Structures are given as C-alpha cells and as structure tokens.
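Summary of the model geometry
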Amino acid sequence: MAPQSTITAIAAGPRKLARWVAHELEAMAPAALFFLVGFALILLMVKLFVAEYSIELRVISNAILGALFAAKVSLILDQRDWARSHGYPRAVVVGGKVVLYTASVIILGITEHLIEGYRESGSLGGGLALFHQRFDAARFFAVVLCVAMLFAVFFVMQEVNRRMGAGQMYALFFERPRA
C-alpha cells in the first residue's frame, strides 16, 4: 500500500487503521513465514557447523526481525519493480534482486558488527579494533551465501507464482490433486 494510504488510514480513525494493519499483515504473512523458516534453518546450520548447540536469544530475535524486515521490503520493492517495468526477462529480475538484497545483507551485517564493537569499546577506533579481532569472514560469508540462496528461491517462487496466476502456487502445493 502506498504511503498516502497509510496517512489516509491513520486520519480516518482506528477502525480504518485496524483494517489497514490487518491487510498489511495478511500480505506480509507468507513472505515473513518463508524468511523466518529459512533464517532459522541457516542459524541451525551455522550452529551445527561450529558444534555450539545453544542459540542465544539475541540471535533468535535477530532472525525474527530479519524475516519481518525482509518480507516487508520484498513486498514494497516488488510493487516498484524497475527491472520488470522495463521489460527485462524474469532471470534478470530475479538475479538483480538477489544481488541487491545480498549486498544489503553484507552492509547491514558489517554495520552490526561495527556497532557492537563501538558499544563495547566506547570509541570508533576501539570498535574497529574489536571488529578486526572478532570478525570471522568465513562464517560471515557462509551465512551471506545461505541468505542469498534463500532470496533466490523466494524470488524464483515469486516469479513462478506471478506467471501461474494468483493462488495457483498454493493450489499446486497444498490442495489435494484432482483425480
């Protein structure tokens, strides 16, 4: 929904705002669930690879927030899809989105590590030093690669669903086959 609709919903009163929020949550639910399950699987794989089976609460909350953020951003950007509106093939649309989202994950991940270092040390220089000491590039880019594959699967499924028609992907996977 466009920002103007948000302002209109808020100005119209609580009932219209509640309907707008319900509509937004309903639109976000499938993507949020997809990303939540995907991010949880990535976290589980990382924990299994490093043989540490305890998952911190902060990591779980980051996965939940990341899933909600990814779902909402993917829906917003899908409405303003530059590549599709310019007639590019679906493979270019999917590839472009995967590159854009993966670059965003890298930027946000490095920023998060830098902020953690700054908060611990109290200075930018100390934060950079902690970043260099603690940053595990192999683990970080393994997670980024998994997230990129998750985005690729999501965007491919989104394009297949668009091509098949609304509701057809759901029917294919969740309805009983007709005899």
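Below, the structure is looked at part by part.

About the thresholds
- Residues numbered from 1 in each chain as written.
- Predicted model: local features only at pLDDT ≥ 70, side-chain atom pairs only at ≥ 80, totals over all residues.
- Heavy atoms only, no water.
- Salt bridge = Lys/Arg side-chain N within 4 Å of Asp/Glu carboxyl O.
- Helix = DSSP H or I, 4+ residues; strand = E, 2+ residues; numbered from the N terminus.
- Buried < 20%, exposed > 50% of the residue type's maximum accessible area, 1.4 Å probe, protein only.
- Core = buried A, V, L, I, M, F, W, Y, C linked by side-chain atoms within 4.5 Å.
- Contact = heavy atoms within 4.5 Å.
- Phe/Tyr/Trp six-rings, centres within 6.5 Å; stacked < 30°, edge-to-face > 60°.
- Axes fitted to C-alpha atoms, helices over the stretch in contact; angles between N-to-C directions.
- Parallel < 35°, antiparallel > 145°, perpendicular 65-115°, else oblique.
- Left-handed = near helix turned anticlockwise from the far one by under 90°.
- Nonpolar A, V, L, I, M, F, W, Y, C, P; charged D, E, K, R; others polar.
- Patch = residues over 30% accessible without salt bridge, like charges linked within 9 Å, V, L, I, M, F, W, Y side chains within 5 Å.
- Areas by Shrake-Rupley, 256 points an atom, 1.4 Å probe, with all protein chains shown as cover.

Moving on, we come to the pattern of salt bridges. By the definition in use, this model includes three salt bridges. We note a salt bridge from Arg90 to Glu159, for which the minimum N-O separation is 3.2 Å. Within this pair, whereas Arg90 is found in helix α5 (residues 90–121), its partner Glu159 is found in helix α7 (residues 137–164), the two being separated by 69 residues in sequence. Accessibility expressed as a relative area gives 4% for Glu159, which makes it buried. Between Glu120 and Arg134 there is a salt bridge, with the nearest N and O atoms lying 2.7 Å from each other. Of the two residues, Glu120 is situated in helix α5 and Arg134 in helix α6 (residues 124–134); the sequence distance between them amounts to 14 residues. A single burial state applies to Glu120 and to Arg134, both of which are exposed.

In this section: the nonpolar core. In terms of nonpolar packing, the biggest core is built from 19 residues, with Phe35, Phe39, Ile42, Val98, Phe151 and Phe155 touching the most fellow members. Counting only elements with at least two residues in this core, the list comes to α2 (14–49), α3 (57–79), α5 and α7. Take this core: its biggest share by element is seven residues, from α7. When near neighbours in sequence (up to four residues on either side) are disregarded, Val98 contacts Ala148, Phe151, Ala152 and Phe155.

Moving on, we get to the packing of aromatic side chains. According to the stated counting rule, one finds 11 aromatic pairs in the structure shown. Ring plane angle 40° and centroid distance 5.4 Å describe the contact between Phe34 and Phe154, whose orientation is recorded as tilted. With Phe34 in helix α2 and Phe154 in helix α7, this residue pair connects regions lying 120 residues apart in the sequence. Aromatic pair Phe140 and Phe141: ring centres 5.0 Å apart, planes at 80°, arrangement edge-to-face. Residue classification places Phe140 among the buried positions, given a relative accessible area of 10%. Of the residues examined, Phe141 reaches a relative accessible area of 41% and is grouped as partly exposed. By the ring-pair criterion, three or more aromatic residues cluster together here, those being Phe34, Phe35, Tyr101, Phe151, Phe154 and Phe155.

A separate point is the packing of α5 against α6. Axes are the key here: two packed helices are described by the angle between their axes and the distance separating the axes. One can describe the packing of α5 onto α6 by two numbers: an axis separation of 7 Å at closest approach and a directional angle of 120°. Here α5 is positioned oblique relative to α6, judged by the angle of their axes. Here α5 runs over α6; the crossing is right-handed. Here α5 contributes Ile110, His113, Leu114, Gly117, Tyr118, Glu120 and Ser121 to the contact with α6, which in turn contributes Leu124, Gly126, Gly127, Leu128, Leu130, Phe131 and Arg134. Here the residues of the contact of α5 with α6 are counted per class, giving seven nonpolar, five polar and two charged.

Let's shift gears to a nonpolar patch on the surface. Taken together, the side chains of Val156, Val160, Met164, Tyr170, Leu172, Phe173 and Phe174 make up a nonpolar region of the molecular surface, amounting to roughly 740 Å² of accessible area. If you list the elements that add at least two residues to the nonpolar patch, you get α7 and α8 (168–174). The leading source of residues in the nonpolar patch is α8, at four residues. With respect to the helices and strands, Met164 occurs in helix α7. Take Met164: its relative accessible area is 37%, and that puts it in the partly exposed class.

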